[in-house]
Amino acid sequence: MTFNKRSLITLVILAIITVSIYYFFTRRGITYMWHWEKIPEMLFYHGPKSADDPVVRLRMGVLMMGFVLTLKISVASIFFAVIIGTVVGIARLSNEPVTRGLSLSYVELIRNTPLLVQIYIIYFFVGSMLRLSPFVAGTAALSIFAGAYVGEIVRAGIQSIHKGQMEASRSLGMGYAQAMRYIILPQAFKRIIPPLAGQFISLVKDSSLVSVIALADLMFQGQQAVARTYYAFEIYFTVAFLYLVMTFTLSMATQYVERRLAISD
Amino acid sequence: MIKAQNVYKTFKTPDRREVKALVDFSTDIKKGEVVVIIGPSGSGKSTFLRCLNRLEEIDSGDIIIDGVNINDKKVNINKIREEIGMVFQLFNLFPHKTVLENVTLAQMVVRKRSKNEATEVARGLLKKVGILEKENGYPSQLSGGQQQRVAIARALTMHPKIMMFDEATSALDPEMIGEVLDVMKTLAREGMTMVVVTHEMGFAREVSDRVVFMDEGQIVEEGTAEHFFTDPVHDRTKLFLSQIL
């Protein structure tokens, strides 16, 4: 990935804002004893884990473990959300009234209820019936939630492709599914990269809500660390920064893909 | 080859008015015949073409192509469409694919040809329409005339028995119309069955076996080009010709 001028400027601005906030707190006479020195060990430390695992080596600290879990659940949820969204997006445009009705109900139901409630329902109700682990339940909730939004984005993308594309494909003898796969969806996905990127970034941030089902993600680990140490500012700043690392990388990656795909335009 | 009998087709406009596109429309097109359909806009010319490969479903009547009633429930429409090439006013090339990919994709997906075989067929046809040197370009890098020639090559890769042209030169800059018409003329001379909706009266005069003049969903007058342009019978035809010639 080319780290170009624009992303550099963005980073510099973010850094300035962060430093300004920091100075605002320190210079306003707030007597807060900063303990930044405690943060590195929450990311990485060298030493034994516990009495059961006394090997001395480089290990991930709690925040880094949370970071990895958030990364895992985000990647998995994005993957499933795209699959759900593609199916729903196509179903929304079906000629079949039942398919259309079902997909619309799904979208409306999911978009119009809070994610937090959905997470609780999926974990405590569906999850306990099917014996889902918190990770599976959390991934399911996030995928189903984001899938509804992705579905609407995909639908809009498909509708934005000139109908002549479908007609040309069909008149060559391609079936509906073949035309979708080879002609319509590739063009639609290219066009919806910007809104999809926004949706994926939302999903990474929304994933912090799975901390309520005791899933040890970045948010959960942060809360636990604060409860243990009371270094609330340092830890939450770090947590925010780690989320920013993920979302900013995602942003840059999608912009890169967008530029690469623009070649045929 | 193509037999249309008492075909009716009505469109509903967004404000729920009904527009009669084809009214009791019947015609016969023989193998190897080049039929040019002309008429004012909204006369049902394009609708007729689009009904022939079921891009539009007819309300009633029969369309029989090569002995098969294409509106039969049991008919696999994709099989029929393989045999009917269609060229559109706006080309409708696939913008995300290169010229070569545009011309090979349907061969591989529909006809199940290998990539090598498809490429060979594609190159042969791109050469025929005089655009082989652009095979690695994208449609957006081509002029309108070049795009339309690629679109014709794309339709020909399926080795269709019939070629339909839906105002294939209407969206082109004037200086590019000739190159596309030349390709169409070559096809006509080779004996392709062609149904051509066009405003190019020169083309109609030069290569058509029959000119069909449509208005309000019906055939007003038809006959050889010579008869049609020199000795039209109906007032409606005379009026139309006086407006365009």
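Residues numbered from 1 in each chain as written. Chains lettered and ligands numbered in written order. Predicted model: local features only at pLDDT ≥ 70, side-chain atom pairs only at ≥ 80, totals over all residues. Heavy atoms only, no water.

## Describing the sheet that holds strand β10 (residues 218-223) of chain B
Residue and element names in this part refer to chain B. One open sheet holds the 6 strands; their spatial order is β6-β7-β8-β3-β9-β10, and the pairing between them is mixed. Of all strands in the sheet, those with a lone pairing partner are β6 (84-87) and β10, marking the two edges. On average, adjacent strands in this sheet sit at an angle of 20° to one another, irrespective of strand direction. Strand direction decides the pairing type here: strand β7 (residues 162-166) and strand β8 (residues 193-197), joined by 5 bridges, are parallel. For D166, the partnering residue across the bridge sits in β8 and is V197. Of the strands in this sheet, β3 (34-38), β7 and β8 are in contact with helix α6 (residues 174-189), which crosses β8 at around 145°. (Pairing = 2+ DSSP bridges. Helix = DSSP H or I, 4+ residues; strand = E, 2+ residues; numbered from the N terminus. Axes fitted to C-alpha atoms, helices over the stretch in contact; angles between N-to-C directions. Contact = heavy atoms within 4.5 Å.)

## Focus on the packing of helix α5 (residues 144-156) of chain B against α6 of chain B
Helix packing for two helices is described by the angle between their axes and how far apart those axes are. All names here are of chain B. Where α5 meets α6, the axes come as close as 8 Å, and the angle between the chain directions of the two elements is 20°. It follows from the interaxial angle that α5 and α6 lie roughly parallel. The two elements α5 and α6 meet at a crossing, and its hand is right-handed. Side by side, α5 and α6 meet where G144, G145, Q146, Q148, R149, I152 and L156 of the first sit next to M176, E179, V180, V183, M184 and L187 of the second. Here the residues of the contact of α5 with α6 sort into 7 nonpolar, 4 polar and 2 charged. (Parallel < 35°, antiparallel > 145°, perpendicular 65-115°, else oblique. Left-handed = near helix turned anticlockwise from the far one by under 90°. Nonpolar A, V, L, I, M, F, W, Y, C, P; charged D, E, K, R; others polar.)

## Quick word on the side chain of E33 of chain B
Residue and element names in this part refer to chain B. Looking at where E33 falls in the secondary structure, it is placed in the loop between β2 (18-29) and β3. A relative accessible area of 10% means that E33 is categorised as buried. A polar contact is formed between the side chain of E33 and the backbone nitrogen of K30, at a distance of 2.8 Å. (Buried < 20%, exposed > 50% of the residue type's maximum accessible area, 1.4 Å probe, protein only. Polar contact = N/O pair within 3.5 Å; in protein donor to acceptor, adjacent residues only side chain to side chain.)

The values reported here are purely geometric and, on their own, carry no functional implication.
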